Amino acid sequence: MKAQSLIFSTIFLAVINILIRILGFLYRILLVRLMGSEGLGLLELITPVTSLIGTMVGSGVPIAMIRLTTQSLAKNKLRQSFKTIEYTAWIMILFSLFLSIFLYINAPFIATNILKDKRLIIPLKIFSPIIVFPSLSALLRGYFYGSKNVIPPAFSQLGEQVIRMIIVISLLHLLCPFQEDKAISISMLGNIFGEIIGMLILIIFFVFTKKKFKKEDNEEIPKVSFLKTLFSFGSIAIPITFSRMVSSLLRVATSIIVPGRLMASGLDQSTSLSLFGQINGMVIPLLFIPFTLTSALVMNLIPRISEAVETSNQILLHRYLDKTFHLTFLIGLPLSGIFYLFSNEIFSILYHIKNGLYLSQLSIVTLFLCIYQISASILQGIGKQFSSTITFIMGMFLQLILTYILVGNPKYQIKGYVFSYLISYIFIALINFFMVFYFTKDKMNTKEWILKPFISTVFALVFSKSAFFFLKSSFHEFVCFLICIIIFGILYFITLFLSKNIQSFFKE
């Protein structure tokens, strides 16, 4: 089975991720305009619950499948991965069906007693049948990533996003005007059809790949121990899943605590939901923009790092680490700077809201989210997922404690949530970052990774912001912003080139 090159795989997946992200932002903007802040606040209330369920059935599964497939590939025993999928698929199906039934039966209790809003009962019941689909999709995505074939997962995610958008936006337009709970139910319905389409695309690719592989290789599938397979799979998947579950549980707790503590500080329910929806529904999705690029790198990096570890190739491992962290700062630093200086313009263009204060305050989180994602993925690739999980849990509990204390204080209110989010991710990112160097015995290249990209970012920001003030009287805000971003990009890359930072990145 021919593997795709790292460059091709990363570029292809990055392009698809960017397209999906653009569609996702358009989808989010349309939802904001169709639902309003309160409707978006309701969506943010139910999202942590749906994310928690999705995490339980799929978050650690792709990484585990990547690792096991990579191990089989390194030992020239790729056929073992077929048996691994067969064993784990049955377990995931049974577990998913149990969760579906549990969620459907307990939807009234969850909506009324946990989320504190009876309007979410029907959306939760509509969501319950979806659970089995992402669990199977996660298995197949892990297999394809581990085989270094990113095309099937990319098309699957793109198809899922397109179908979701078409169904939800079409129904919202057709049924307008509507109550907020009906809008959430429509959103859940769109998720169901999107997940089904995404899974079907993966199944078609998998069946074709398996038939093609059997024609090329007539050997029988080797016997694989069921218990040994489950132990290997679980030792990787469970810690990752647990850390993601903690994150999802924190989102559930946050969705309950933040509005409640805001009301305790003196705000009414509508204002509390609107502020919470503005942070979680408008600002935080922007902070995750770099994930369109870094996630493409991660999905190609984990199998290669795992392979380097399996073959004890330290030179290759250190080369991957150098390029990965270099690219992380090349992406994270300029985007953080743009969010900081152009926060008002971004909010005005996207959401028709003039004040982008919260985006400015959280702008630096973008860089640390990139560092965390890459560092955690490297730790998972080298088999240190337990260390990454412990660090993440500590950071999440820190965030929860700070959120509860500060948000209820009339002096801070929603600013307390901003501060707790900022502190927790800086903590998690730095601990994971330094753990990578501890376990791999690698060294940080401060000059090339951080110093030169930082200077280039500051230089480009100063000139692009100055250009914005000069052009804003002559052009529409969106056109002016677009011109300034182009100016920023040109100056940023020219400065990097003159400092020989770009040459250093591409140097073998």
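All residue numbers refer to positions counted from 1 along the written sequence of the respective chain. In keeping with the model being predicted, local features are shown solely for residues with a pLDDT of at least 70 and side-chain atom pairs are shown and tallied solely at 80 or more, while totals for entire chains, interfaces and linings include all residues. In computing side-chain values, all of the structure's heavy atoms are included and hydrogens and water are not.

Between 30 and 60 degrees the pair is tilted, below 30 it is stacked and above 60 it is edge-to-face, where a pair is any two Phe, Tyr or Trp rings, Trp via its six-membered ring, whose centres lie within 6.5 Å. Counted under the stated rule, the structure contains 24 aromatic pairs. With centroids separated by 6.3 Å and ring planes inclined at 75°, the aromatic side chains of Y417 and Y421 adopt a geometry described as edge-to-face. In this pair, Y417 and Y421 are both assigned in helix α16 (residues 414-440), 4 residues apart and thus about one turn of the helix distant. With a relative accessible area of 7%, Y421 lands in the buried category. Ring geometry for F433 versus F437: centroids 4.9 Å apart, planes at 85°, classification edge-to-face. Here F433 and its partner F437 are both found in helix α16, 4 residues apart, which amounts to about one turn of the helix. A relative accessible area of 4% means that F433 is categorised as buried. Working definition: with a 1.4 Å probe on protein chains only, accessible area under 20% of the residue-type maximum means buried, over 50% means exposed, and in between means partly exposed. In this structure F437 comes out as buried when scored by relative accessible area, which is 11%. Three or more aromatic residues joined by ring pairs make a cluster, and in this case those are F276, Y372, F392, Y417, Y421 and Y425. The helix and strand labels rest on DSSP assignments: H or I over at least four residues marks a helix, E over at least two residues marks a strand, and numbering proceeds from the N terminus.

One finds L124, L287 and Y417 to be the most contacted residues of the largest nonpolar core, which totals 150 residues. Top element by residues in this core is helix α1 (residues 6-58). It accounts for 20 residues. Those residues within four positions of L287 in sequence are excluded, and the remaining contacts are F339, L359, L362, S363, V365, T366, L369 and Y421. Residues enter a nonpolar core if they are buried and are Ala, Val, Leu, Ile, Met, Phe, Trp, Tyr or Cys, with the set joined through side-chain atoms within 4.5 Å. The contact criterion used throughout is that any non-hydrogen atoms of two residues lie within 4.5 Å.

The subject of this paragraph is a nonpolar patch on the surface. Within the patch definition used here, like charges are joined within 9 Å and nonpolar side chains (Val, Leu, Ile, Met, Phe, Trp, Tyr) within 5 Å, considering only residues with over 30% relative accessible area and no salt bridge. Using a 1.4 Å probe, accessible areas were evaluated by the Shrake-Rupley method; residue-level cover was limited to the displayed protein chains. Salt bridges, as used here, are contacts in which a Lys or Arg side-chain nitrogen is within 4 Å of a carboxyl oxygen on Asp or Glu. A cluster of nonpolar side chains, namely F475, F478, V479, L482, I486, I490, I494, F497 and L498, defines an oily patch on the protein surface of about 850 Å² accessible area. With respect to the helices, strands and loops of the structure, I494 is situated in helix α18 (residues 477-498). On the basis of relative accessible area, I494 is assigned to the partly exposed category, the value being 41%.

Turning next to the side chain of S464. Topologically, S464 is positioned in helix α17 (residues 446-471). Accessibility expressed as a relative area gives 0% for S464, which makes it buried. Among the polar contacts listed, one links the side chain of S464 to the backbone oxygen of L461, at a separation of 3.1 Å. Not counting the four nearest positions on each side in its chain, S464 is found in contact with F342, C484, I487 and F488. Distance and chemistry together define a polar contact, namely a pair of N or O atoms within 3.5 Å, with one atom able to donate a hydrogen and the other to accept it when in protein, and with adjacent residues in sequence counting only for side-chain atoms on both sides.

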